[in-house]
Structures are given as C-alpha cells and as structure tokens.
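Now for the letters of each chain:
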Amino acid sequence: MSGHSNYEPKTGIERWLDVRLPVVRLAYDSIIDFPTPKNLNYWWTFGGILAVCLGIQLVTGIVLAMHYVPHVDHAFASVERIMRDVNYGWLIRYMHANGASMFFIAVYIHMFRGLYYGSYKAPREVLWILGCVIYLLMMATAFMGYVLPWGQMSFHGAVVITNLFGALPIVGEAITTWLWGGFAVDNPTLNRFFSLHFLLPFMIAGVVGLHIWALHVPGNNNPTGVNVKSKEDTVPFHPYYTVKDGFAIVVFMIMFATFVFYNPNALGHADNYIPANPLVTPAHIVPEWYFLPFYAILRAVPDKLGGVILMFGAIAVMFVLPWLDTSKVRSMRYRPTAKLYFFIFVLACLILGYCGGKLPDDHVIPGLSTFTLIDADLNSFVWLSRFAALYYFAYFLVVLPVLGLTETPLPQPESISAPVLSHPANAPAGAAASPEKRG
Amino acid sequence: MLRKGIALAAFGLAILAAPAALAAGGAAPVKHVEFSFEGPFGKFDQAQLQRGYKVYREVCSACHSMNLMSFRNLGQKGGPFFDPKYPNPNDNPYVKSIAAEYQIKDIDSETGDVIERPGTSADRFPSPFPNEPAARASNGGAMPPDLSVMAKARHHGPQYIYSLLTGYQDPPAGLKVGVGQHYNPFMAGDVTASWSGPHDKVPPGGFIAMAPPLAAGQVTFDDGTKSTLENQAKDVAAFLTWASEPKMQERKAFGMAAMIYLLIFAGLLYVSYRKIWKNVAH
Amino acid sequence: MRPQTKGSFKVADTVVGANPDTHAAGDDPNRRDFIHIAAAVAAGGAVASLAWPFIDQMNPSGDTLALASVEFDLTKVELGQQVVIKWRGKPLFIRKRTGAEIAAAIKDDTADLRDPQTDEERHKPGKAEWLVVIGTCTHLGCVPTFGGGDFGGWFCPCHGSHYDTSGRIRKGPAPKNLAVPDYAFLSDTKVKVG
C-alpha cells in the first residue's frame, strides 16, 4: 500500500482497469508481493485465522438473521426452529455460537503475541490501537449476540451488563432506561440488540481494513523485533505465508470442528436453554468464558462504581500501552526479566478468568478457612481475583514503565537474517551485535 | 514448528478448561449411566426412543408440555417412528395415527367457533394446561417445565434426568420437607434452611414439587423390555435427549466426514508448506 | 510460485542441484506441483462443500414442508360456489361446478386453446363437478376473481387474463391454464391436496 509496487498488468483489461481503479494492484501489493519478514513463527498466523473467523461469523450470522425472529415471544422458539427445521440450521447456528468462542481464543492469542514481541511499539502504535478498537467492538457484538436466543443467561446477562451503566453518577439511571427502551430489559431491548448485533460486525470489518492498512505501512514486526534491513530479510507474502497461514487456519478449523460437531454446547451454559424468565434469576450467573477475566475484576471491587471503572480501566489501559512501555527493545526474546513478568501476566489473566467462573466467596483451597480481610476470607476467589487484578494493572502501569529503564537487554541480532546463522539463544558471546536502541 | 503448534493447541485447551470446571452446586453428582448416543459415533436406539416416548406420553405428558415438538418429528429421520418407506414424516401412517388420537383445539373456518379436531402430523404436541397460571394452579403453585430441550438445559442432561427420576429417597433425619415438596438429592437447590443437623453435613440436592413420577411396572413396554424404574427412567431420558437434539446423529455423521477432510487437507497443506519453504533459511 | 533468486540464496525450491540433496525423487517438479495443486483443490473443495448448507438453508424448512399438504372437507361447498383455502401460502380454488359450467367447458374443448387441455384432463375421473385449481394467474401471480371476463370463468384484474369455467386461459397475457395441483379424493367428501 505504500512505496514501490512491482505489479505489472499483463493483459489489456488489467492495464485498462489499472489506470482507472488499481484494485488488482492493491491486491497484488498487499497479499501477493507484500514483503514479509521470513522469520515469522506460528504465533503470527493468528491474524489470518482471525480474518477467517470474522468471515465465518459474518456469513453464518447473515444466514441466521434470515430465520431468527427478534421478539421476546418468538426468539427462543425461532432459534430452536433453526436447530430443528431449517435445512442445516443446526450446523449454521452451532458454527456461529462456537465461532464466537473461536474468535476470542484467536484474538487473545493474537494480543498476547503482540504483547510478547512488542508489536505495539513505534511505529505500530496506531496498528495496536486499532486492534484495541476491534477488540472492544468484538466484546459489544458478542454480548449482544448472546442476548438474542433469549434464554435465561441471555436475559439476565443483559440485565447485569446494562445495569453496569447505572453505576455512573447522576446520568446512570437515565442511561440504563435509554438502553432498555423501557423500565427493564424487554422487547425493545431485544430489538435494538438485534439491530446493533447486525451492524457492529460490519464496523469490525471496516476497522479490520484500517488495521491491515496500518500493518502494511510499517510492515510486519517479527520475532526478533529487529527492523527489516534488506530484501534478504523478507519473502513475498505469496506463496510463503499464504501456505503457512493456510495450514494454521486448517489446523484451527479442526479444533473448531471438534466443538461444532462433537461438543457444540460445551462452551455455552445449560441455563440458556431455559426460556428467559424475568421473575427468576439462575442460581449461578456467569458471562461467557471470554468475559470472565473482566467479570472477575468487576467483582473484585466491593463498590459498584469502582468495579465498573476498574473493569473498563482494564481495557482502557491497553490503549495507552505503547507509551507505557519504555523499553526500546521490541521482542522479549532479548528481555529476560520482562519475559518473566510477561508470563506471570499471562498467568494472572488465566487466574482472573478462572476466578470469574467461580462464586466469589468459595474457597480456593477447599476446606481451608484463614482469616477475614475487609469483607472476605483470604482463601477466597474474590481475594485471588484481587491479587491477580492488582498484578494485571501493575504490569502495565509499573512493570513495563520501570523495567524499560532499569533492565539490561540481551544483545539483539544485526538483522533478521543474522540469527538464522546463530540463534540468540545459543549464540556464542560476541557473535551478535551489541544492544541496539531502535525505535 | 509442529511442536509449537501442539503447544499452541494445548494452550487453547487450557483456556477452555477453565470454564468447563464451573459445574458446582448443591446437587449430588449425577449417576453414571451410559447411553447409546454418546461419543463421536453414538446413535440413538430407535426401540429405546419408542419406549421413552411411551413413558413420556403415558406419564410425563400429564403435566409437562413439549411445545417445540410436532407429531411429524416422531417420524423424521432418526426419530422413534422413522420408517424408510416414508421419507416425508408427514405421510408416516403410524405418526398420523398417533396424531389422530389427540384432539387439537382449532377454530372452525366457517363459524369461527372453537372446535376440537383430530390432530395431524403437522400439529404440535398439545399442552396439558391451557396457560401457565392453570399449570401452576394444578400443581401446587409449581410450574412443570416444558421438556422440549430439557436434556440441553441441564448439565449432563441425560444422566441428570435419569438420576432425578430414580433418585427420590426419604429425607435424612433432620431435614424438614414442606407440604407438597419432595426431597431429591439430584435436584438443584439448597436445603440448608430446612436442615437442623450439623452445618457441615447439609444433605445434597433440593426440594422438588413433582412426586416420584415413575414406578416399576407403571408403563408396559410392547417390546418385552422389563418395566423397571431404571429402564423407564433411562428410556425417557434417551427420548428427551433425542427431542432436545433431533439432528445429533446427522451432526456427528457430517462431522466425521468434515474431520477426515480437514485432516487430509491439513496434511496436504503441510507438505506443500514444507516444500515451498524448503530452501529458505529461517 | 515461480522460482526466484534473492541475494545469495535460493528462495524457491525448483532449482534442482543447487541444493546438494540426495533425495532426487523428492525434488521431482511434477510431484511438487501435484502437492500444491492438490492442496489448492482441497481448499476449493472445502469451500464448495460448505457452500451447499448455506444454499440449502433457504429451501423450505421442515415445518414449512409439514404444512405442504392439506385435507379439505367438500361438504362445506355449495353447488355453484367456490371455497378459497390457503395452500403453500397460495390461494386454492375448490369449486363445485354447475351442469351449465361443465357443459360450457366441454363445449370449448375443441376451441382454439392457447394451452390445449380437455376439461376431462382437469378433474378427477367421474368428479366433473369438482374443479381444484391453484388460484394464481399464470401470468405474474395475481389472484383472479370468479365471474368476470368473457368466458364465464375467472378474470385476472392485474393484466386482464380471461379463464374459462375449466380454468383454461382464453385471452390476455397469461401463457398457461390455471394449474391443477396434485390432489386425491380420500373419500367422496374429502380431498387431500399436496
């Protein structure tokens, strides 16, 4: 999309079109000829996997919208009708429901990859922020989509999430009433959620376009974090990465298919097969697994507004990450201390997710009562979430800013091609270049 | 590279394992019972579905609706009365005769009067009660839940249904059971408030308004299967599982073809990938 | 996938001999091409086979097909009257014809018909008084009204097609006679349509 183009129109029609609308040139430059670092590992295939996930959700979603009825009296039955009577409806609906989970698995891996290899650092800050926007849109879309089957979890999930806005001072109540279009989650709410659930994926697709544009300006980061120096460092995207991404996508599809065909309800909640009943809340209400870490942060704070602020803060902090990390070294391959903190961060996220699915007052170690601190036993999931949430924020706000100034990174290679000859992990001292300070 | 792929898959599974560990509650763990439809090659046992339908029809349907089920479903592929001679379940004479045994409320197209006519295969299973208040009034205030997707609406659905139906027992000493209530260790709930025994020994389960519905010999099975409580419970659990997921067999068969295809496809792509990258040092 | 030479090393894989590889068979260009083609074909096959469920979902669903046949009690129809019932979302005319109507229809069997059919072919044997036709004009699907037009049968108000008492097209833009659906007499007083 930028710089020199190697596209040469071969036929008359291509030449004619190229002068008027160089769309073939655009495609050629960005997915055929695009120079890509030759050392990308499998963690880099998740961009392609995510594009496929988005495509699957869009196609299956449009099809489901042909059969779904957004009305409180018919929504539940219309989803079951899709499963029972519509030709291959079971396949399409299970693909869509499990596809949401697959989308989040892939996006979390993609995000952790970006965190580990410093893909958010200059000159890729905008690329990272656009990714955060996509993630926010995904969360909104997934939440509203989960409301549509109008089961017990749909309904009470919608109640809980919309009530979060009630925590805002002064305007809170007005905003929740406005979101509901009434005095509770009801038919108007379902209708607008359906409309927005249809709209947002196209906004995601639009931001994905920008995300890819922003990727193609500086080009891919790579596992060494070292800038591309010469043509020797890169290979054309096609066929090298089309085949590699393709292989990863198919492997990912095998996992996806395992869920769709053999365990389609494993990632959902049994309670959502009970039609929504505003008079009875399920005993144990939890969001879908991909929201659990944030749900745990919400519950870790014994104050309604505080919990909401912290939960949204957990996402907001990602937007400013490029300016929080002070290290000039991109890849954590060459930052042994940061690497350690990173893996603790991953662990903290997993712990938060685990806590989010547990009752806050349950004991982490069964049967062991310690002492009550503030409002709960120290051996409870609420305290475990507090420690994990504390680490979550400390990683962004303390560890990354301080570490960049204090740590001594390992020597980075001169170029991408260099470590092929001597991998930094087992390179003899002096074989690689001295630490580089590069933006 | 492949090693990393495996590590990656393991990582994904680790994430997934977290919510799978959610199922915790006051109820006793379900009884272990095996069904023919479990596993990737599982199939419904048609004779069992027929027996299960009989149990539903003669016992459950007195109180429980199945609003999402139509008579035609009984004759569709994989259903209890599927007959390969009648690929269109609407023409299946056995299904038609079952439907015709029911009187369905309708409106006379000429007079507008409310009439009753014999059911057709397109009709839905009639509800035992005209509306929710009527259902509650007849059942001591408790609403008998619709059974259409019951096996999907509970964790370990088939095992849960079996356990609940066979799990009625006398309440342990110290547990006060209210009027019109029954103790069942497999019912979701919390009996702490009615428990006068030691606090760390609260019995599992909860109270259920439904009296034990099944008993040995209650339903006569036409195929000679012994009509024990366990057999009735197992058969009706199988029937309700089929009703919850009538396309399950189709799904698993489709899945097997898809998996084989995807594995071959992945293999081809891997070889192609290795060849393309063969001479690139990376 | 053309071989390219970049810098000092071979990027692609076709240059046999550049790599001192003893596995000559593995470097056979034909086999390599076969693998790539097979992978591409598999990708196409995956997309194509997944396309069918997405197309088929728009076909009539199980509950729609279940309503595709209706049974009708003929005792409700008076002589010279027709009853319109909804069948597959379309009007179905069930008409009990008078002797005069039948005679007019038979008389016109020899007329110049656009879609030649005898009246005998349009009703069940021995049931000449019962005419069952789908009530949509064969031009563009409007619903014709009985008693209008030049032939004593139906007239379509949309674009002026005239049908006779056997439902045959006689005048106007419609190309075909009113369609007779598959139906059968279950008894003297009951028909099953579809």
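Everything numeric here is computed off the predicted structure, so don't read it as measured data.

Section: the overall build of chain C
Along chain C, the regular secondary structure elements total three helices and twelve strands. Residues classed as buried in chain C amount to 38% of the 194 residues present. Considering only contacts in chain C between residues 6 or more positions apart, those separated by 24 or more positions represent 48%. Here chain C displays about 10200 Å² of accessible surface, and carbon together with sulfur accounts for 58% of that area.

Section: the state of the cysteines
Residue and element names in this part refer to chain C. A full pass over the atoms with the stated rule returns one disulfide over all chains. In this model cysteine 142 forms its disulfide with cysteine 158; the gap between the sulfur atoms is 2.0 Å. Every disulfide takes its handedness from the sign of the S-S torsion; for cysteine 142 and cysteine 158 that torsion is -95°, giving left-handed. Remark: cysteine 158 occurs in the loop between β8 (152–156) and β9 (161–164) and cysteine 142 occurs in the loop between β6 (130–134) and β7 (145–146); sequence separation between them is 16 residues.

Notes on the nonpolar core
All names here are of chain A. By size, the foremost hydrophobic cluster in this structure holds 147 residues, and its most contacted members are Phe104, Phe252, Tyr392 and Phe396. Examining the composition of this core, we find that 18 residues originate from one element, helix α5 (residues 89–116), more than from any other. Non-local contacts of phenylalanine 252, meaning those with residues more than four positions away in its chain, are made with Phe46, Ile49, Cys53, Met102, Ile105 and Ala106.

A few points about the interface of chain A and chain B
Contacts between chain A and chain B engage 53 residues on the former and 47 residues on the latter. For the pair chain A and chain B, the summed buried surface comes to about 4700 Å²; carbon and sulfur atoms form 76% of the total. Considering only the side of chain A, the residues that lose the most area to chain B are Tyr42, Arg84 and Tyr262 of chain A, jointly responsible for 17% of the buried surface there. Between the two partners, chain A and chain B, sit two salt bridges. The shortest N-O distance in the salt bridge between glutamate 80 of chain A and lysine 152 of chain B comes to 3.1 Å. Inspection of the region where chain A meets chain B yields eleven residue pairs in polar contact (both at pLDDT 80 or more). Elements supplying a minimum of two residues to the side of chain A that touches chain B: α4 (75–84), α5, α10 (237–262) and α14 (336–356) of chain A. Ranked by the residues each element gives to the side of chain A that touches chain B, the list is headed by α10 of chain A, at 16 residues. Looking at side-chain class alone, the side of chain A that touches chain B contains 39 nonpolar, seven polar and seven charged residues.

What about the packing of aromatic side chains?
Tallying each qualifying case throughout the model produces 60 aromatic pairs over all chains. Plain terms: the ring middles of tyrosine 53 of chain B and phenylalanine 81 of chain B are 5.7 Å apart, the flat faces sit at 85° to each other, and that makes the pair edge-to-face. Of this pair, tyrosine 53 of chain B sits in helix α2 (residues 46–58) while phenylalanine 81 of chain B sits in the loop between α3 (71–74) and α4 (93–100), and the two are 28 residues apart along the sequence. Given a relative accessible area of 13%, phenylalanine 81 of chain B falls into the buried group. Every member of this aromatic cluster is reached through a ring pair, and the members are Trp44, Phe112, Tyr116, Tyr117, Phe342, Phe343, Phe345, Tyr391, Tyr392, Phe393, Tyr395 and Phe396 of chain A. Sitting above the plane of the tryptophan 44 of chain A ring, arginine 113 of chain A keeps its charged end 4.5 Å from the centroid.

Regarding unusual backbone geometry
For the peptide bond that leads from alanine 122 of chain A to proline 123 of chain A, omega is 5°, which places it in the cis range. As for its position among the elements, proline 123 of chain A is in the loop between α5 and α6 (125–147). Geometrically, the link from histidine 238 of chain A to proline 239 of chain A is a cis peptide bond, its omega value of 5° lying close to zero. One can find proline 239 of chain A in helix α10. Of note, histidine 156 of chain B is a non-glycine position whose phi angle comes to about 50°, a positive value. Assignment of secondary structure puts histidine 156 of chain B in the loop between α5 (132–138) and α6 (157–166). For arginine 88 of chain C, which is not glycine, the phi dihedral falls at a positive 50°.

Some words on a nonpolar patch on the surface
A cluster of nonpolar side chains, Ile62, Met66, Phe198 and Phe202 of chain A together with Met58 of chain C, forms an exposed patch at the surface whose accessible area comes to about 470 Å². For phenylalanine 202 of chain A, the location among the structural elements is in helix α9 (residues 187–216). Overall, the relative accessible area of 40% leaves phenylalanine 202 of chain A in the partly exposed class.

Description of the environment of leucine 196 of chain A
All names here are of chain A. Position of leucine 196 among the secondary structure elements: in helix α9. Looking at leucine 196, the relative accessible area reads 34%, which means it is partly exposed. C-alpha separation for the pair leucine 196 and glycine 145, spaced 51 residues apart in sequence, amounts to 9.1 Å. Those residues in contact with leucine 196 that lie beyond four places of it in its chain are Met144 and Pro201.

Section: the sheet that holds β8 of chain C
Read across the open sheet, the four strands follow the order β7-β8-β9-β10 (chain C); overall the sheet is antiparallel. Among the strands making up the open sheet, the edge pair consists of β7 and β10 (169–171) of chain C.

Thoughts on the confidence of the model for chain C
All names here are of chain C. Averaged over chain C, the pLDDT score is 82; the fraction of residues at 70 or greater is 84%. Residue range residues 1–29 is modelled with pLDDT below 50. Its contacts to residues more than four positions away, or to other chains, number 39 contacts. Here the predicted complex scores 0.87 on pTM and 0.88 on ipTM.

Re the environment of leucine 368 of chain A
Positionally, leucine 368 of chain A belongs in the loop between α14 and β3 (372–373). Setting aside residues up to four positions removed in sequence, leucine 368 of chain A forms contacts with His363 and Asn379 of chain A.

Let's talk about the side chain of serine 380 of chain A
For serine 380 of chain A, the position within the fold is in the loop between β4 (376–377) and α15 (381–406). Side-chain polar atoms of serine 380 of chain A contact the backbone oxygen of aspartate 377 of chain A, separated by 2.6 Å.

A word on the sheet that holds strand β12 (residues 190–193) of chain C
All names here are of chain C. Ordered by their spatial adjacency, three strands build an open sheet running β3-β12-β11, and the pairing between neighbours is antiparallel. Each having just a single partner strand, β3 (70–73) and β11 (183–187) make up the two edges of the open sheet. Here the strands of the sheet are splayed against their neighbours by 25° on average, with no regard to which way each runs. Sheet topology note: the β11/β12 ladder contains four bridges and is antiparallel. Following the sheet pairing, serine 187 is matched in β12 by lysine 190.

What counts and what doesn't
Residues numbered from 1 in each chain as written. Chains lettered and ligands numbered in written order. Predicted model: local features only at pLDDT ≥ 70, side-chain atom pairs only at ≥ 80, totals over all residues. Heavy atoms only, no water. Helix = DSSP H or I, 4+ residues; strand = E, 2+ residues; numbered from the N terminus. Buried < 20%, exposed > 50% of the residue type's maximum accessible area, 1.4 Å probe, protein only. Contact = heavy atoms within 4.5 Å. Areas by Shrake-Rupley, 256 points an atom, 1.4 Å probe, with all protein chains shown as cover. Disulfide = S-S within 2.5 Å. Core = buried A, V, L, I, M, F, W, Y, C linked by side-chain atoms within 4.5 Å. Buried area = accessible area lost by both parts, 1.4 Å probe. Salt bridge = Lys/Arg side-chain N within 4 Å of Asp/Glu carboxyl O. Polar contact = N/O pair within 3.5 Å; in protein donor to acceptor, adjacent residues only side chain to side chain. Nonpolar A, V, L, I, M, F, W, Y, C, P; charged D, E, K, R; others polar. Phe/Tyr/Trp six-rings, centres within 6.5 Å; stacked < 30°, edge-to-face > 60°. Lys NZ or Arg CZ within 6 Å of the ring centre and 35° of its normal. Patch = residues over 30% accessible without salt bridge, like charges linked within 9 Å, V, L, I, M, F, W, Y side chains within 5 Å. Pairing = 2+ DSSP bridges. pLDDT = per-residue confidence, 0-100. Axes fitted to C-alpha atoms, helices over the stretch in contact; angles between N-to-C directions.

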